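Each chain, letter by letter, is given below.
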Amino acid sequence: LKLQFLYLIDRISHPPRPRARVKSCVWGACPPLMDPPPPTAAGAAGLTTPSPPTTAEAAAASRRKAKRALSSTATFQRQFAAGGGAGVITKLATAPLERAKVLMQLQGMMGYANKKAKYPSVLSTLMRVSKEEGVSALYKGCGANIVRIAPAYAFKFSLNDQFKKAVSRPGQNGHSLSYVQLISAATVAGGAQTFLTYPLESIRQRLYMSDSLGHQNNKQGGIPACIRRTLAAEGFRGFYKALPVGLATGAPFVGVEMSTYELLMQRLTPRHASQTERVSYAFVFGAAAGLFSQSALYPLDTIWRRMMADGMFLAAPRYSSSLHCLRLTLAEEGLNGLFAGVGANAARAIPAAGIQFMAYDRLKWYFNVDDYD
């Protein structure tokens, strides 16, 4: 009895641990040896416990948090830098085609209107310039173009993004703006960009003028000498020749180009497209928008460039006004005169526009100011 009493005391004070379930039950239908844990609130409601975020989801959430923390000034600065970088990349890639286009536009006013054109096609222009002036001449004016295009594209893209915010209504974002809102914001941005960078455009135009077209300024030492000679011959006003025509050309051109690109990206790009797919969409839609806008406004661009070049360095002017330039061009060269170099422009516009929008899209993503997170 004493031993039994001690045994009971020991079992009460040291209860046995539950044994592990033996897998000998039929189809595992053994009753549990321990009571199951009580159901949680989520389980009682039929909800599943959310799985932890993946690495990609965590990175996207971190980008969104960092983007929301950016001030308006920091966002504009990053957009400005992305636009300038896109301009430099674009112009380095398309400089020879740009010079061929300008030479073909201007040859009609230099005495080639009533005889065989010196530069009849893009390929022949590139080959002739390389033969007469050297391969490096294909990049003549490229330095001035880069100096011009970096701030020009920086202003164009960053101001367009800012003006889109200004015209948006409460609850709207960049993906829900109407075409009227898009083209209004882009046109104002184009006018501001044209005015702010017009002297640089004028310098580039002067450096583009070939020796064979009757101008000797290309032998004067590049950008600094061109600036000095322009100031000495024409004063500061020389840098703003044909400004009204430039504004009438630049503002609608940027308006049509930017709004067409934005509209195509809105309507035809999947909302959750991958980064690789976005690069392809940006290039294709950018090229289409650039080709459409430049082809539609090409006659205005021809008149603008001829008015800029007219009377350069105190040469005798041919045109008294832009309307006189239009009438004289049509009388001497016909409608083809307004579209001189349009083939070179198309060959340049397709890669140039595609590259600029693709580069801006990628640089905005790199600087974390894109619209797609």
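We now turn to the structure provided with this report. As the structure is a computational prediction, the values presented were derived from the model and not from experiment.

**Re the overall build of the protein**
Within the protein, the regular secondary structure consists of 15 helices and 0 strands. Of all 373 residues assigned to the protein, the portion counted as buried reaches 42%. Put simply, of all contacts in the protein between residues at least 6 apart along the chain, 77% involve residues at least 24 apart. Summed over its atoms, the accessible surface of the protein is roughly 19,900 Å², and 65% of this surface lies on carbon and sulfur atoms.

**Notes on the nonpolar core**
In terms of nonpolar packing, the biggest core is built from 19 residues, with Tyr153, Phe157, Met258, Tyr261, Phe357 and Tyr360 touching the most fellow members. Sorting the residues of this core by element identifies α4 (72-106), α6 (142-167), α10 (243-268), α11 (275-296) and α15 (342-366) as the ones contributing at least two each. The element contributing the most residues to this core is α10, with 5 residues. With residues up to four places along the chain from it excluded, the contact list for tyrosine 153 reads Gly83, Gly84, Ala86, Gly87, Thr90, Lys91 and Gln356.

**Focus: empty space enclosed by the protein**
Overall, the coordinates contain 3 cavities of 30 Å³ or more when judged by the stated rule. Of the volumes computed, that of the largest cavity is approximately 500 Å³. Around the largest cavity, the lining comprises 31 residues; the ones closest to its centre are Arg148, Phe253, Asp301, Trp304 and Arg305. Secondary structure elements with two or more residues in the lining of the largest cavity: α4, α6, α7 (179-196), α8 (198-208), α10, α11, α12 (298-309) and α15. Class assignment of the residues belonging to the lining of the largest cavity gives a composition of 11 nonpolar, 9 polar and 11 charged. In this structure, the second largest cavity occupies an estimated 170 Å³ of space. Forming the walls of the second largest cavity are 16 residues, and the residues nearest its centre are Tyr261, Glu262, Tyr360, Asp361 and Lys364. Of all the elements in the fold, those that place two or more residues in the lining of the second largest cavity are α6, α10 and α15. Per-class residue counts for the lining of the second largest cavity are 7 nonpolar, 1 polar and 8 charged.

**Details of helix α5 (residues 122-133)**
Given a rise of 1.5 Å per residue, 12 residues ought to cover 16 Å, and the 16 Å separating the end C-alpha atoms of α5 matches this to within 8%. Of all the residues in α5, the buried ones are Val122, Thr125, Leu126 and Val129. The buried residues of α5 all sit within an arc of 95° when viewed along its axis, so they share a single face. Those residues of α5 that are exposed and angled more than 90 degrees off the buried face are Leu123, Met127 and Lys131. Where the residues of α5 are buried, they touch α4 and α15. Within two residues after α5, glycine 134 carries a phi angle of roughly 95°, on the positive side.

**Examining the environment of arginine 206**
On the secondary structure map, arginine 206 appears in helix α8. Its relative accessible area of 1% is what places arginine 206 among the buried residues. On a C-alpha basis, the gap between arginine 206 and alanine 309 in space is 7.2 Å, while along the polypeptide they are 103 residues apart. Within the structure, arginine 206 has its side chain in polar contact with the side chain of glutamate 234 (distance 2.8 Å).

**Observations concerning the packing of α8 against α12**
Put simply, α8 and α12 touch, their axes get as near as 10 Å, and they point 80° apart. Comparing their axes, α12 and α8 come out roughly perpendicular. Contacts between α8 and α12 pair Tyr198, Glu201, Ser202, Arg204 and Gln205 from the former with Trp304, Arg305, Met308 and Ala309 from the latter. Taken together, the residues of the contact of α8 with α12 break down into 4 nonpolar, 2 polar and 3 charged.

**Quick notes on unusual backbone geometry**
The phi dihedral of alanine 242 falls on the positive side, at around 60°, and the residue is not glycine. Relative to the elements of secondary structure, alanine 242 occurs in the loop between α9 (223-234) and α10. Notably, asparagine 368 is not glycine yet its phi reads approximately 65°, a positive angle. Structurally, asparagine 368 is set in the segment after α15.

Rules behind the numbers
Every chain's residues receive numbers from 1 upward, in the order its sequence appears when written. Local features are withheld for residues below a pLDDT of 70 in this predicted model, meaning they are given only at 70 or higher, and side-chain atom pairs are given and counted only at 80 or more; totals for whole chains, interfaces and linings count all residues. Heavy atoms from the whole structure form the basis of all side-chain values; hydrogens and water molecules are not counted. The helix and strand labels rest on DSSP assignments: H or I over at least four residues marks a helix, E over at least two residues marks a strand, and numbering proceeds from the N terminus. Here the term buried applies to any residue with accessible area under 20% of the maximum for its type, exposed to any over 50%, and partly exposed to those in between, with areas from a 1.4 Å probe on protein chains only. The contact definition used throughout considers only heavy atoms, calling two residues in contact when any of these lie within 4.5 Å. A 1.4 Å probe and the Shrake-Rupley method give the accessible areas. Residues count as covered only by the protein chains that appear here. Side-chain atoms within 4.5 Å link the members of a nonpolar core, which is a set of buried Ala, Val, Leu, Ile, Met, Phe, Trp, Tyr and Cys residues. Of the grid points, spaced at 1 Å and generated over the protein atoms alone, those admitting a 1.4 Å probe that cannot get out make up cavities, while open sets with protein on both sides within 12 Å along at least five of seven lines make up pockets; any residue with an atom within 4 Å of a point is treated as lining. Grid points are joined across faces, edges and corners, and a volume is the space filled by probe spheres set on the points. Under the grouping applied here, Gly and all other residues not named as nonpolar or charged are polar, the nonpolar ones being Ala, Val, Leu, Ile, Met, Phe, Trp, Tyr, Cys and Pro and the charged ones Asp, Glu, Lys and Arg. One fewer than the residue count of a helix, multiplied by 1.5 Å, yields its expected span. This arc is built from the directions going out from the helix axis to the C-beta atoms. Whenever two N or O atoms come within 3.5 Å, that pair is a polar contact, provided that in protein one can donate a hydrogen and the other can accept it, and provided that, for residues adjacent in sequence, both atoms are side-chain atoms. For every element, the axis is a line fit to its C-alpha atoms; helices are fit only across the contacting stretch, and the angle between N-to-C directions ranges from 0 to 180 degrees. The scheme is simple: roughly parallel for angles under 35 degrees, roughly antiparallel for over 145, roughly perpendicular for 65 to 115, oblique for anything else.

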